[in-house]
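Structural characterization, general
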Amino acid sequence: MVKHYPLSLDTTFAALADPTRRRILESLSHRQRRVTDLADLFPMSLPAVSKHLRVLEDAGLLKRRRFGREHHLELDPAPMREAQRWIEYYRKFWEGSLDALAAYLEKNNQPKKKKKGKKP
Amino acid sequence: MNTTTQPVSLKVSRLIKAPRERVFAAWITPSDVVRWLGGEKCQIQTATIDPRVGGEYHFKMKGSDAGKPEMTGVFREIKSPERLVFTWLTGGCTGEMPRVETLVTVEFAAQAGGTLVQITHEGFPDAELRDGHNDGWTASLEKLEKLV
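Everything in this summary refers to the structure shown in the same document. (Residues numbered from 1 in each chain as written. Chains lettered and ligands numbered in written order. Predicted model: local features only at pLDDT ≥ 70, side-chain atom pairs only at ≥ 80, totals over all residues.)

Some points on the overall build of chain B
Note the cut-off: We count a stretch as a helix when DSSP gives it H or I for four or more residues in a row; a strand needs E for two or more, and each element gets its number in order from the N terminus. Partly exposed residues are those whose C-beta has more than 12 but fewer than 20 other C-beta atoms within 10 Å; with 20 or more the residue is buried, with 12 or fewer it is exposed, and the C-beta atoms are placed from the backbone. Think of it this way: build a C-beta for each residue from its backbone, and any pair within 7 Å is a contact.
Within chain B, the secondary structure is distributed over four helices and seven strands. The N-to-C order of helical and strand elements in chain B reads β-α-α-β-β-β-β-β-β-α-α. Out of the 148 residues belonging to chain B, those deemed buried represent 30%. The contacts of chain B with a sequence gap of at least 6 include a subset with a gap of at least 24, amounting to 38%.

Here it is in structure tokens:
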């Protein structure tokens, strides 16, 4: 059985924080690959690639299927959708905050529009 | 889907028609923060802020969100009036989001007509980054980019 949830955003973020791991996922975004083929795409040793794969698997971002001695890797986009949801949520949060900040400060900052020539 | 190539972070920016010192102050002054942070969706009732490196902030929510967990975090960098870096425990507002410690960097740039505020919110628990060794992250990322 493929291990699925429980999803932890912490784990997803940690896994995605590394550019090599993001590239691995990208290379799997359109097709499955064998571990050995995947390793050929990266200028590092097979054990180094394997280490990254393990992190991605633990985060639920990768599924591994075994065909005899061959290991095939496949992307699981579910945790990424969760990360994407997080990004969208906070984009709105900060945009809303900055709109409110602008409204607050720009109102406060404007010289009072009363009568002219009333300088102290 | 092309999200895999992006780091888990987001940037939001806006020009505010007010002097940089004033805009910066609005981020670390409780009586200001309660007026804008969170926007309309997520209003803050009370704020306590200890604006120094290592100092904490706590925001309590208003109305129906009262009693929800606080928004809270720790300042990692304070460079008035240019830059503010603090941790941000997510899920403080509506409880929709899981509680994850993240990092927010706010940059204030003086521009004609006001101050450009740029927020970078990074969603990963890199311990080094969280604890304030900001350059370490950038440097190691650059190193990795060169290696690959």
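So that's the structure; there's more coming.
With respect to the interface of chain B and chain A
Each partner contributes residues to the interface: chain B has 38 residues there, and chain A has 37 residues. Breaking the side of chain B that touches chain A down by element, the ones donating at least two residues are strand S1 (9-16), helix H1 (20-28), helix H2 (30-36), strand S7 (114-122) and helix H4 (134-147) of chain B. For the side of chain B that touches chain A, the leading source of residues is S1 of chain B, giving four residues.

What to know about the pairing of strand S2 (residues 44-49) of chain B
All names here are of chain B. Put simply, the test is: Think of it this way: DSSP has to see at least two bridges between two strands before they count as a pair.
Two elements, S2 and strand S3 (residues 56-61), share five bridges in a ladder whose sense is antiparallel. Across the sheet, Ala47 pairs through a bridge with Phe59, a residue of S3. Once S2 ends, the chain turns through six residues before running back antiparallel as S3, passing Gly54 with a positive phi of about 95°.

Quick notes on the pairing of strand S6 (residues 101-111) of chain B
Successive side chains on a regular strand alternate, one facing one side of the sheet and the next facing the other. Relative to S6 of chain B, strand S5 (residues 83-89) of chain B runs antiparallel, the two sharing seven bridges. Bridge assignment links Phe86 of chain B to a residue of S6 of chain B, and that residue is Val104 of chain B.

So, the environment of His71 of chain A
All names here are of chain A. Here His71 shows up in strand S3 (residues 70-75). It is 12 Å that separates the C-alpha atoms of His71 and Ser50, two residues lying 21 residues apart in sequence. Among residues more than four places away in sequence, those in contact with His71 are Arg34, Val35, Arg64 and Arg66.

Overview of helix H1 (residues 9-16) of chain A
Counting buried residues along H1 of chain A, six of its eight residues qualify, which places the element largely inside the surrounding structure. Buried residues of H1 of chain A: Leu9, Thr12, Phe13, Ala14, Ala15 and Leu16 of chain A, and no others.

Some details on the packing of helix H2 (residues 19-27) of chain A against helix H4 (residues 46-58) of chain A
Residues and elements named next belong to chain A. Short version of the rule: The convention used is that axes are lines fitted to C-alpha atoms, helices contributing only their stretch in contact, and that angles between N-to-C directions extend from 0 to 180 degrees. For this classification, under 35 degrees means roughly parallel, over 145 means roughly antiparallel, 65 to 115 means roughly perpendicular, and everything else is oblique. Here the nonpolar group is Ala, Val, Leu, Ile, Met, Phe, Trp, Tyr, Cys and Pro; Asp, Glu, Lys and Arg are the charged ones; every other residue, Gly included, is treated as polar.
The N-to-C vectors of H2 and H4 enclose an angle of 75°; their axes lie 10 Å apart at closest approach. Taken together, the axes of H2 and H4 lie roughly perpendicular to each other. Across from Thr20, Arg21, Ile24 and Leu25 in H2, the residues of H4 making contact are His52, Val55 and Leu56. Its residues placed into classes, the contact of H2 with H4 shows four nonpolar, two polar and one charged.

A look at the sheet that holds strand S1 (residues 33-34) of chain A
Residue and element names in this part refer to chain A. Taken together, the three strands give an open sheet; going across it, the order is S1-S3-S2, and neighbouring strands pair in antiparallel fashion. Edge positions in the sheet fall to S1 and strand S2 (62-67), since each has one partner strand and no second. Note that S2 and S3 share six bridges and pair antiparallel. If you follow Lys63 over to S3, its bridge partner there is Glu74.

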